[in-house]
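The lines below spell out each chain.
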Amino acid sequence: RHIALLPNGNLVLAGNASVGSDRKIITISYSITGQRLWTRYINGSDVNGSDDLIDVVASPDGSVIYGVSLDETSGRVDGYVRLAGANGADQGFGIFTDANGSNPFLDGIAVNTLGNPVMVGSFGGGAISVANKNTGVNFLRRNTGVTAVSSEVVVDGSNNIFVYINEQTNDFVLSRKHAL
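Since this is a predicted model, take the numbers as computed values, not measurements.

S.K.: Go over the sheet that holds strand β6 (residues 64–72), please, and point to the residues and values.
M.R.: Spatially, four strands are ordered β5-β6-β7-β8 in an open sheet, and the strand pairing comes out antiparallel. For this open sheet the edge positions go to β5 (52–58) and β8 (90–95), each flanked by a neighbour on one side alone. Across the sheet, the mean angle separating the axes of adjacent strands is 25 degrees when strand polarity is ignored. Bridge count between β6 and strand β7 (residues 75–83): nine bridges; the pairing is antiparallel. Each bridged residue has a counterpart across the sheet, and for I65 the counterpart in β7 is R82.

Encoded structure:
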């Protein structure tokens, strides 16, 4: 149900698929000519869990960033998975954390010009977090102060973060300029 266009023109399609009693995330990459390049399943450690895809975005470096909610044996974890666009190889995982160190519900994901995942979510006042693409460590964590029902995020070419937040019947757009 999600699609990303990589810098080289290849496409990545992603969605959810049920395999037995396990709900997984499936991602398929196609070349610009329509040739299937690779298929990959993303699955939490709970083999009978219900893993959900939130969104998929292409990084400027050619990798693919997936916003995910995974069933782990220790409980539900929201964050991102980073795969190589060329072959689907695993390039890391990061957990979405807010300014208090909690794991809120992930609503949206974007990527900045350096390829770092920018995540937004709801729960406990809403949160914005930027993770280092190589280590998964969240180096910018801010709470929005708004308990959102849903939110989306985009990042411009100057790395300004724009967050759309819907709180019941009110809509907000927050922006945050930060140096990376």
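More follows now that the structure is in view.
S.K.: How would you explain the sheet that holds strand β9 (residues 105–111) if you had to name every residue and give the values?
M.R.: Strand order in the open sheet made by the four strands is β9-β10-β11-β12, with antiparallel pairing throughout. Only two strands of the sheet have a single partner each, and these edge strands are β9 and β12 (138–143). Across the sheet, the mean angle separating the axes of adjacent strands is 20 degrees when strand polarity is ignored. With four bridges connecting them, strand β10 (residues 117–122) and strand β11 (residues 127–131) associate as antiparallel partners. Bridge pairing in β11 places G121 opposite A127.

S.K.: Can you lay out the side chain of T27 for me, pointing to particular residues and giving the numbers?
M.R.: Structurally, the position occupied by T27 is in strand β3 (residues 22–30). At 3.4 Å, the side chain of T27 and the backbone oxygen of L13 are in polar contact. For T27, the side chain forms a polar contact with the side chain of Y66, separated by 2.6 Å.

S.K.: Tell me about the nonpolar core, and please be specific about residues and values.
M.R.: Ranked by internal contacts, the top residues of the largest apolar core, which has 15 residues, are I42 and Y66. Counting only elements with at least two residues in this core, the list comes to β2 (11–19), β4 (36–42), β5, β6 and β7. A total of four residues in this core trace back to one element, the largest contributor, which is β6. With near-sequence residues (within four places) excluded, I42 lies in contact with K24, I25, D51, Y66, L70, V81 and L83. In terms of nonpolar packing, the next biggest core, distinct from the first, is built from 11 residues, A110, V120, V153 and V155 among them.

S.K.: Could you give an account of the pairing of β3, with specific residues and numbers?
M.R.: Examined bridge by bridge, β2 and β3 share nine bridges and lie antiparallel to one another. Across the sheet, V12 pairs through a bridge with S29, a residue of β3. Hairpin remark: β2 followed by β3, antiparallel, with two residues in the connecting loop; positive phi at G20, about 65 degrees. Sheet topology note: the β3/β4 ladder contains six bridges and is antiparallel. Counted as the bridge partner of I26 is Y41 from β4. Where β3 folds back on β4, the antiparallel hairpin that results is connected by five residues, among which G34 adopts a positive phi of roughly 95 degrees.

S.K.: Quick rundown of the environment of L140? Include the residues and the values.
M.R.: On the secondary structure map, L140 appears in strand β12. Residues L140 and V118, spaced 22 residues apart in sequence, show a C-alpha to C-alpha distance of 9.1 Å.

S.K.: Report on unusual backbone geometry, specifying residues and quantitative values.
M.R.: A positive phi angle, close to 70 degrees, is found at N159, a residue other than glycine. Structurally, N159 can be placed in the loop between β13 (150–155) and β14 (160–167).

S.K.: I'd like to hear about the packing of aromatic side chains, residue by residue, with values.
M.R.: Applying the stated criterion across every chain yields a total of zero aromatic pairs. Across the ring face of Y41, the terminal group of K24 is positioned such that the distance to the ring centre comes to 5.4 Å.

About the cut-offs
- Throughout this document, residue positions are counted from 1 along each chain, in the order its sequence is written.
- Only residues with pLDDT of at least 70 are given local features in this predicted model, and only at 80 or more are side-chain atom pairs given and counted; all residues enter the totals for whole chains, interfaces and linings.
- Only hydrogens and water are set aside; all other atoms, that is, all heavy atoms of the structure, feed into the side-chain values.
- Here the rule is simple: two strands pair whenever DSSP picks up at least two bridges between them.
- Put simply, DSSP H or I for four residues or longer makes a helix, DSSP E for two residues or longer makes a strand, and each gets a number counted from the N terminus.
- Axes, fitted as lines to C-alpha atoms, cover a helix only where it is in contact. Angles between the N-to-C directions of the axes lie from 0 to 180 degrees.
- Think of a polar contact as two N or O atoms within 3.5 Å of one another; within protein, one of them needs to be a possible hydrogen donor and the other a possible acceptor, and neighboring residues in sequence only count if both atoms come from side chains.
- We call a set of buried Ala, Val, Leu, Ile, Met, Phe, Trp, Tyr and Cys residues a nonpolar core when their side-chain atoms join them within 4.5 Å.
- Any residue under 20% of the maximum accessible area for its type is buried, any over 50% is exposed, and the rest in between are partly exposed; the area is computed with a 1.4 Å probe on protein chains only.
- Contact definition: two residues touch when any of their heavy atoms are within 4.5 Å.
- Working definition: a ring pair exists when centres of Phe, Tyr or Trp rings (six-membered ring for Trp) sit within 6.5 Å. Plane angles under 30 degrees give stacked, over 60 give edge-to-face, the rest tilted.
- The criterion for a charge sitting over a ring is simple: Lys NZ or Arg CZ within 6 Å of the ring centre, and within 35 degrees of the ring normal.

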